[in-house]
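Working through the structure, step by step
Here are the chains, one letter per residue:
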Amino acid sequence: MPKLNENYLNVQDSYLFAEIARRVKVYEENNPDKAGNIIRLGIGDVTRPLTKSAIDGLHKAVDEQAVSETFKGYGPEQGYVFVREAVSDYYKRNGVSVDPDAVFISDGAKSDTGNITELFAKDNVILVPDPVYPVYVDTNTMDGKKIIYMNGTEENNFLPMPDDSVKADIIYLCSPNNPTGACYSREQLKAWVDYALANEAVILFDSAYEAFVSEPELPRSIYEVEGAERCAIEFCSLSKTAGFTGTRFSYTVVPKELVFTVSDGRQLSLHDMWNRRQSTKFNGTPYIIQYAAAQVLTEQGMKECMGNISYYMENARVIAETLKKKNIPFTGGVNSPYIWFKCPNGMESWELFDYLLENIQVVGTPGAGFGVNGKNHFRLTSFGTHEKTKEAMERFDRLF
């Protein structure tokens, strides 16, 4: 019989959002008269349609596939040059220099933040924040790696900082953070870069929500910090920026400067390793998606995206104002589409989940699903419609 990867026994039985879906389904089955009244502000899926630039790009690329002269079959596993250059140009407009050759195109930041673990041996020490996006923990648990946690709490604004007494090899950071909505300052990220360089560690930096940063003094990329190209891999996505949750497009930046000495004294490049991994296990993102993404990443395309982001941030404002009215502490909602608040009346997060579902048919995300420090906190997203968000918060206001 085969020997199975028994590390899967250490993974939680149910992925957070699968458990949310299960509880909602049970509620709908038991309360069919209220099923149509449910407002979902839990999973971070978008509701605004794709922008004109994205749709025009998709149509043009599809038409090209109908003509032999412009038909595209297998593309480069790393992504077409034109879209890698579009990503580089997007960084440049935001004041950051990124080599197009360091850019790898994929189908989602979730995929890449999970798959990147394959580059690192099992005896590495993994440092993750708590609360944390579950994929960081689950993928390393599946691989049998040792995980240690750094506490994100109200006292540090859910932005844990380096501790010189802790030695880690791989560090996960997410800013703007999912789930808390908190954002690292440039000075704080500099401290992390300095720590990584001093400890020869690698930072895996998830910037999937960078387009939501509205305060110009806050960094949108870790490469705004000097030295980051020698210690950091950055992941980003158009899922929330451009509404590509169903279209699927992301990019990962692996600088060529990321070179480390292995056990026999030779040097290995993480850039070359990731290139080899992708070439072996990935056939590339569809051409039509890459073409549309390149149009999104233009100045006009991003201007259109910012219109949708402004729409979502108005929802965030409505949620935040309601919480302020109720004197409920929260983070996020300014530079992030997520609002992370303390459960009222001393409730725990799954208790609040059930309470909201039962009493006002509003679905959020229990903080406990993101770690121990989320036990008494709750996440709402701003990705609903104006009408549904307003109605949800009116119900919330009446309930508390």
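Please read all numbers here as calculations on a predicted model, not as lab measurements.

Procedures and definitions
- Residue indices begin from 1 for each chain and proceed along its sequence in written order.
- Only residues with pLDDT of 70 or above have their local features reported here, since the model is predicted, and side-chain atom pairs are shown and tallied only from 80 upward, although totals for entire chains, interfaces and linings are computed over all residues.
- Calculated side-chain values reflect all of the structure's heavy atoms, with hydrogen atoms and water omitted.
- Think of it this way: DSSP has to see at least two bridges between two strands before they count as a pair.
- Under the DSSP-based scheme used, a helix requires at least four consecutive residues in state H or I and a strand at least two consecutive residues in state E, with every element numbered from the N terminus.
- The axes used here are C-alpha line fits, helices contributing only the stretch in contact, and every angle between their N-to-C directions lies in the interval 0 to 180 degrees.
- Residue contacts are counted whenever heavy atoms from the two residues lie within 4.5 Å of one another.
- When an angle is under 35 degrees it counts as roughly parallel; over 145 it counts as roughly antiparallel; between 65 and 115 it counts as roughly perpendicular; any other value is oblique.
- In this count, Pro and Cys sit with the nonpolar residues alongside Ala, Val, Leu, Ile, Met, Phe, Trp and Tyr, while Asp, Glu, Lys and Arg are called charged and the others, Gly among them, polar.
- The term salt bridge refers to a pairing of a side-chain nitrogen on Lys or Arg with a carboxyl oxygen on Asp or Glu at a separation within 4 Å.
- Note on exposure labels: buried denotes an accessible area under 20% of the residue type's maximum, exposed denotes more than 50%, and partly exposed covers the range between, all computed with a 1.4 Å probe on protein chains only.

**Here's the deal with the sheet that holds strand β8 (residues 250-253)**
- The sheet built from seven strands is open, its strands ordered β2-β8-β7-β6-β5-β3-β4 with mixed pairing. Of all strands in the sheet, those with a lone pairing partner are β2 (103-106) and β4 (146-151), marking the two edges. Pairwise comparison of adjacent strand axes, ignoring direction, gives a mean angle of 20 degrees for this sheet.
- Direction of pairing for strand β7 (residues 232-237) relative to β8: antiparallel, over a ladder of four bridges.

**Digging into the side chain of N315**
- Note on placement: N315 falls in helix α9 (residues 299-325).
- Excluding residues that lie within four positions of it along the chain, N315 makes contacts with S382, G384, T385, H386 and T389.

**Description of the packing of α9 against helix α11 (residues 386-399)**
- Look at α9 against α11: their axes get within 10 Å of each other, and the N-to-C directions meet at 5 degrees. Classified by the angle their axes make, α9 and α11 are roughly parallel. Counted together, Y311, E314, N315, V318, I319, T322, L323 and K325 of α9 and H386, E387, T389, K390, M393, F396 and D397 of α11 form the full contact between these two elements.
- Partitioned by chemical class, the residues of the contact of α9 with α11 number six nonpolar, four polar and five charged.

**Structural notes on the pattern of salt bridges**
- If you walk through the whole model with that rule in mind, you get 22 salt bridges.
- Across the pair K190 and D194 runs a salt bridge, and its minimum N-O distance is 2.9 Å. Of this pair, K190 and D194 both sit in helix α6 (residues 186-198), four residues apart, which is roughly one turn of the helix.
- Relative accessible area serves as the criterion here: at 36%, D194 is assigned to the partly exposed category.
- The closest approach of N and O atoms between R266 and D264, which form a salt bridge, is 2.8 Å.
- Residue classification places R266 among the exposed positions, given a relative accessible area of 59%.

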